[in-house]
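# Close look at the chain arrangement
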Amino acid sequence: MTIWREDGTSYRGAVIRVAGDASLGNNVYTVAVAMDIDRHLQFIGSFKRIQWWTICVVMCIAILVAWFAVQWGHIPIRRANEKIRAITASKLDTRLNPKEVPIELEETVASFNNMLGRIEDGFEQLSNFSADIAHELRTPVTNLTTQTEVAVGQSRSADEYREILYSNLEEFGRLKRMINDMLFLAQTENDSHSLALESVNLTDTIQGLFEYFEAWVEELGVSLRLKGQAVPINVDREMLRRALSNLLSNAIRYTQRGETVTVGLSQDEQTTTISVENPGEKIPAEELPRLFNRFHRGDPSRQCKGDGAGLGLAIVKSIVEAHRGVVHAVSDDTMTRFEIVLPRSA
Ligand SMILES: Nc1ncnc2c1ncn2[C@@H]1O[C@H](COP(=O)(O)OP(=O)(O)OP(=O)(O)O)[C@@H](O)[C@H]1O
Ligand SMILES: [Mg+2]
């Protein structure tokens, strides 16, 4: 079967050659049986055209639908992005709604919210800290200004000037202590890796501190006692001394004449515990964790001697945490005890 064109028409058919009878002169005849297929070809041509058009249109629709689907599916993500873009230091309370994003992103959004929460806490602490610093520095600076103004208001004798300078010196001393404490806190919190770890015999360290406080406790009529023992642990000697000295000075300050401050040492397989206990009034349980906040000074009615800045326990906490330990306070009707628990493998 072949297809051929003749006079503008297409044919499909078969052509055979047939040899004629010898009596008729051995002629060879060509016999063709064919069908006009123009109409079929036209039909197939238009069918192909329609098919191509259909494919093109369907593809365009599919692309459009896919584009819309992607855009629509991204709406919650874009909304979340807009919210995130709008977060500034003053809008840290913004939270994304995990129900508004695709299910695969729910966990990410929850983690993001948690992160925001932590940043918000840190930020709040930092801004409270700045406010506290300003507040704490204002009192001694105001005292100094007032005293100096009064001093220069009229001419005075050398003795009077000396007295005023002494009083100023006291305020300067307070300011210096406070600034040193704040610098120390900033350093231990930012640079916890620079601990000079060495094996420290706790009994010797505590005996050394008892000697350091000897004159003061004698004056106050308070006695100091060490109870228990512990194997040497790896700590930064100077830092631990500072932490214990802060606890001891508090305990001594809050102990009545004739009473005893007890430092206890104990250990188990993983930890060493150092406790500093003094007899005294109960501190309400809800206040105990707050004692470790910077510039926190207890209830004014309980607040007795001394005019500390309220940084002592914050320093204890940051030193203990730099050693990967924990510090907490317990108090009942008869005593208050601060406990430092340090890992033995530090
Ligand atoms: N042993 C204690 N008994 C009762 N209250 C205490 C004791 N130790 C601390 N506190 C309370 O905790 C508060 C905070 O103590 P912290 O040592 O941080 O500050 P401070 O002693 O007032 O000042 P600083 O130590 O900076 O000179 C104290 O003001 C006090 O109210
Ligand atoms: Mg103190």
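So, on to the site of ligand 1. Around ligand 1 there are 20 residues in total, and Asn 250, Gly 298, Gly 308, Gly 312 and Leu 313 lie nearest to it. When contributions to the shell around ligand 1 are tallied by element, the ones reaching two or more residues are helix H5 (237-253) and helix H6 (312-322). Partitioned by chemical class, the residues of the shell around ligand 1 number eight nonpolar, 11 polar and one charged.

Attention now moves to the pairing of strand S7 (residues 260-267). One ladder, built from five bridges, connects strand S5 (residues 223-227) with S7; its direction is parallel. By the bridge assignment, Leu 226 is partnered in S7 with Val 263. Of the strand pairs in this sheet, S7 and strand S8 (residues 271-279) are connected by six bridges, and their pairing is antiparallel. Of the residues in S8, the one forming a bridge with Thr 262 is Glu 277. Between S7 and S8, which pair antiparallel and follow one another directly, the connecting turn spans three residues.

On to the domain arrangement of the chain. Per the domain assignment, the segments making up the chain are domain 1 (2-81), domain 2 (106-190) and domain 3 (197-343). When each unit is reduced to the centre of its C-alpha atoms, the spacing between domain 1 and domain 2 is 91 Å.

Turning to the sheet that holds strand S9 (residues 326-331), a few remarks are in order. Across the sheet, which stays open at both edges, the five strands sit in the order S5-S7-S8-S10-S9 with mixed pairing between neighbours. The open sheet is flanked by S5 and S9, the only strands paired with a single partner. Put simply, the sheet's adjacent strands are angled 15 degrees from each other on average, direction ignored. Sitting on the sheet, H5 is in contact with S7, S8 and strand S10 (335-343), with an inclination near 20 degrees to S8.

Glancing now at unusual backbone geometry. For Asp 7, which is not a glycine, the phi torsion comes out positive at approximately 50 degrees. Overall, Asp 7 belongs to the exposed group, with 5 C-beta atoms counted inside 10 Å. At Arg 324, a position not held by glycine, the phi torsion is positive, near 60 degrees. By the secondary structure assignment, Arg 324 is in the loop between H6 and S9. Looking at Arg 324, the number of C-beta atoms within 10 Å reads 12, which means it is exposed.

Let us now look at helix H3 (residues 158-190). The periodicity of an α-helix, 3.6 residues per turn, causes residues three or four positions apart to be oriented the same way. Given a rise of 1.5 Å per residue, 33 residues ought to cover 48 Å, and the 47 Å separating the end C-alpha atoms of H3 matches this to within 8%. Turning to H3, its buried residues number three or more, namely Asp 181, Met 182 and Thr 188.

Moving on to the packing of helix H2 (residues 106-153) against H3. Close contact between H2 and H3 brings their axes to 10 Å; oriented N to C, the two are set at 165 degrees. On the basis of the axis angle, H2 is roughly antiparallel to H3. In the crossing of H2 with H3, the sense of the turn from one axis to the other is left-handed. Contacts from Ile 133, Glu 136, Pro 140, Asn 143, Leu 144, Gln 147 and Ala 151 of H2 reach H3 at Tyr 161, Ile 164, Ser 167, Asn 168, Glu 171, Arg 174, Leu 175, Met 178 and Met 182.

Here is what the cut-offs are and how they apply
Residues numbered from 1 in each chain as written. Chains lettered and ligands numbered in written order. Predicted model: local features only at pLDDT ≥ 70, side-chain atom pairs only at ≥ 80, totals over all residues. Near = placed C-beta within 6 Å. Helix = DSSP H or I, 4+ residues; strand = E, 2+ residues; numbered from the N terminus. Nonpolar A, V, L, I, M, F, W, Y, C, P; charged D, E, K, R; others polar. Pairing = 2+ DSSP bridges. Domains from an automatic or database assignment. Axes fitted to C-alpha atoms, helices over the stretch in contact; angles between N-to-C directions. Contact = placed C-beta atoms within 7 Å. Buried ≥ 20, exposed ≤ 12 C-beta atoms within 10 Å, placed from the backbone. Expected span 1.5 Å × (residues − 1). Parallel < 35°, antiparallel > 145°, perpendicular 65-115°, else oblique. Left-handed = near helix turned anticlockwise from the far one by under 90°.

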